[in-house]
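# A look at the structure
If you want the building blocks of each chain, they are given just below.
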Amino acid sequence: MLTLLVSMVTSQALTAQSLKVYRGRDGQRVEVVALAPQQPGKGATPNALVRVTGSGSERDGLVFRGTLREQGRSFVMKYAGKDWTLTTNRDGDVDVSMPGRSESFRVKYDEASTTAGNPAEVVKVHLSQLADDSIALAEKAEWPNIVSKYEKKAAEAAASVSKSCGVQSTVTFRWATFDDETMANVDAWKLCAPMVAALQSKCAAVKQRPAVVCQLGATPAVERLEGVLRITTTTKGVTTAFVQQELGR
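Residues numbered from 1 in each chain as written. Predicted model: local features only at pLDDT ≥ 70, side-chain atom pairs only at ≥ 80, totals over all residues. Heavy atoms only, no water.

## Observations regarding the nonpolar core
Nonpolar side chains in soluble globular proteins generally cluster together in the buried interior. Stated precisely, the cut-off is as follows: Among buried residues, those of type Ala, Val, Leu, Ile, Met, Phe, Trp, Tyr and Cys that are joined through side-chain atoms within 4.5 Å constitute a nonpolar core. Exposure classes here rest on a 1.4 Å probe applied to the protein chains alone. A residue is buried below 20% of its type maximum, exposed above 50%, and partly exposed in between. Under the DSSP-based scheme used, a helix requires at least four consecutive residues in state H or I and a strand at least two consecutive residues in state E, with every element numbered from the N terminus. Contacts are residue-level and defined by heavy atoms, with any inter-residue pair within 4.5 Å sufficient.
Phe173, Trp175, Phe178, Trp189, Met195, Leu199 and Val243 are the most contacted members of the largest nonpolar core, which totals 33 residues. If you tally residues by element for this core, the top one is helix 5 (residues 144-165), at seven residues. If we skip the residues at most four places from it in the chain, Val243 touches Met195, Ala198, Val222, Ile231 and Val238. With 22 residues, the next largest nonpolar core counts Ala34, Leu62, Met98 and Leu130 among its residues.

In structure tokens form, the structure reads like this:
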């Protein structure tokens, strides 16, 4: 479950072991932060973060997470639902295949930029991007047809809730939490649909927080945020009775 994985990553301390900065001739900058293993010991997979800027890609500034492989000669991450080799070291020249660019580019190690760099800042930005779903959305595949179908159902549900409760309500998905396996094999709307009847029977809660968000998680939950009701369903769904009970508290 992507949601659970994100929770596990953010709950563990990410400690930077080292930073290397590479520069390209056209202003590209690549920062590679090697992280201390989460489970130190023999066979532990080295983790790393990489941030690319100045490449002209729409993904510039994202701090990707992945693994350094081949004794650090390549960095492999998840992108659009598949493994993606972002950097490959070829005898000192690092080839960068940045998502959103038709061609790769090369960078070289820069001692001065490395010395002046701040690995803790890179880690901080990565954690912020995990929290705002930027990383999860980049890592998961795109499902335009399925998303369109489910969002149409959500819009119909919002119209029904709005009519029942006399308030302009919205119903949306937090797509970053729906992993690719779920998108491929499960009807995401069926996981969220039982909440609609609960909302219609608890209009006071809807009037206080008319923006309703359905997300996927490990445990059913109802969160009251500023103007937002965030309802967590699971791969087994969430029951109307549970949501009614939580909204009634």
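Now that the structure has been shown, we can carry on.
## Details of the side chain of Thr234
Topologically, Thr234 is positioned in the loop between strand 12 (228-233) and helix 10 (240-247). For Thr234, a relative accessible area of 10% translates into the label buried. Setting aside anything within four residues of it in sequence, one finds Thr234 in contact with Leu191, Leu216, Gly217, Ala218, Thr219 and Pro220.

## Looking at the state of the cysteines
Basically, it comes down to this: Counting rule for disulfides: a pair of cysteine sulfur atoms within 2.5 Å.
If you walk through the whole model with that rule in mind, you get two disulfides. With a sulfur-sulfur separation of 2.1 Å, Cys165 is cross-linked through a disulfide to Cys203. In this structure the cystine formed by Cys165 and Cys203 twists about its S-S bond by roughly -75°; its chirality is therefore left-handed. In this pair, Cys165 is assigned in helix 5 and Cys203 in helix 9 (residues 203-208), connecting sequence segments 38 residues apart. We note that Cys165, like Cys203, is buried. Sequence-ordered numbering of the bonded cysteines in the protein gives a pairing of 1-3, 2-4.

## Notes on helix 5
We count it as follows: How far a helix is expected to stretch is found by multiplying one less than its residue total by 1.5 Å. Of all possible arcs, the one meant is that of the directions from the helix axis to the C-beta atoms.
Compared with an ideal rise of 1.5 Å per residue, which puts 22 residues at 32 Å, helix 5 spans 31 Å between its outermost C-alpha atoms and is within 8% of the ideal. Within helix 5 the residues assigned to the buried category are Val147, Tyr150, Ala154, Ala157, Ala158, Val161, Ser162 and Cys165. The arc enclosing the buried residues of helix 5, seen along the axis, measures out at 140°, which places them on a common side. Summarising the geometry of helix 5, the exposed residues directed more than 90 degrees from the buried face are Asn145, Lys152 and Lys163.

## Some thoughts on the pairing of strand 4 (residues 63-69)
Rules: Strand pairing requires that DSSP identify at least two bridges connecting the strands.
Along strand 4, six of the seven residues are buried, which leaves the element largely enclosed by surrounding structure. Sheet analysis places strand 3 (residues 47-53) next to strand 4, joined by five bridges and oriented antiparallel. Bridge pairing links Arg51 to Val63 in strand 4. Across four bridges, the pairing between strand 4 and strand 5 (residues 74-79) is antiparallel. Of the residues in strand 5, the one forming a bridge with Thr67 is Val76. Linking strand 4 to strand 5, which pair antiparallel, is a turn of four residues; within it Glu70 sits at a positive phi near 50°.

## Details of a positive patch on the surface
As a reminder, the rule being used: Patches here: salt-bridge-free residues with over 30% relative accessible area, like charges joined within 9 Å, nonpolar side chains (Val, Leu, Ile, Met, Phe, Trp, Tyr) joined within 5 Å. Here the open area of atoms and residues is found with the Shrake-Rupley method and a 1.4 Å probe, where only the protein chains shown may cover a residue. Salt bridge, as used here, is a side-chain nitrogen of Lys or Arg placed within 4 Å of a carboxyl oxygen of Asp or Glu. Working convention for charge: Lys and Arg count positive, Asp and Glu count negative, and His plus the chain ends are omitted. Where a charge lies is defined by one atom per residue type, namely NZ (Lys), CZ (Arg), CG (Asp) and CD (Glu).
Taken together, Lys149, Lys152, Lys153 and Lys190 make up a surface patch of like positive charges. For the positive patch, the leading source of residues is helix 5, giving three residues. Counting through the fold element by element, Lys153 comes out in helix 5. Given the relative accessible area of 32%, Lys153 is considered partly exposed.

## Section: unusual backbone geometry
With glycine set apart, most residues show a phi of negative sign, and most peptide bonds adopt trans. At Glu70, a residue that is not glycine, the phi angle is positive and equals roughly 50°. Examined against the element boundaries, Glu70 turns out to sit in the loop between strand 4 and strand 5.

## As for the packing of aromatic side chains
For the record, the criterion: Put simply, two rings from Phe, Tyr or Trp (the six-membered ring, in Trp's case) pair if the centres are within 6.5 Å, and we call them stacked under 30 degrees between planes, edge-to-face over 60, tilted for the rest.
Counted under the stated rule, the structure contains eight aromatic pairs. Aromatic pair Tyr79 and Trp84: ring centres 5.4 Å apart, planes at 70°, arrangement edge-to-face. For the pair Tyr150 and Trp175, a centre-to-centre distance of 6.3 Å together with 20° between the ring planes defines the contact as stacked. Taken together, the positions of Tyr150 in helix 5 and Trp175 in the loop between strand 9 (170-173) and helix 6 (180-185) put the pair 25 residues apart, joining distant regions of the chain. Take Tyr150 and Trp175: they sit in the same class, and that class is buried.

## Details of the environment of Gln28
Short version of the rule: Counting of polar contacts relies on pairs of N or O atoms within 3.5 Å, with two restrictions inside protein: one atom must be capable of donating a hydrogen and the other of accepting it, and residues adjacent in sequence are counted only when both atoms are side-chain atoms.
On the secondary structure map, Gln28 appears in the loop between strand 1 (16-24) and strand 2 (29-35). Residue contacts for Gln28: discarding those within four places in its chain leaves Tyr22, Arg23, Thr53, Gly54, Ser55, Phe105 and Val107. A distance of 3.1 Å separates the side chain of Gln28 from the backbone nitrogen of Asp26, its partner in a polar contact.

## With respect to the pattern of salt bridges
Enumeration over the complete set of coordinates arrives at eleven salt bridges. In this structure, the salt-bridge partner of Arg249 is Glu246, at a minimum N-O distance of 3.0 Å. Classification of Arg249 as exposed rests on a relative accessible area of 64%. Assessed through its relative accessible area of 15%, Glu246 is described here as buried. Taken together, the shared-partner salt bridges in this structure form one network comprising Arg29, Glu31, Arg51 and Glu121.

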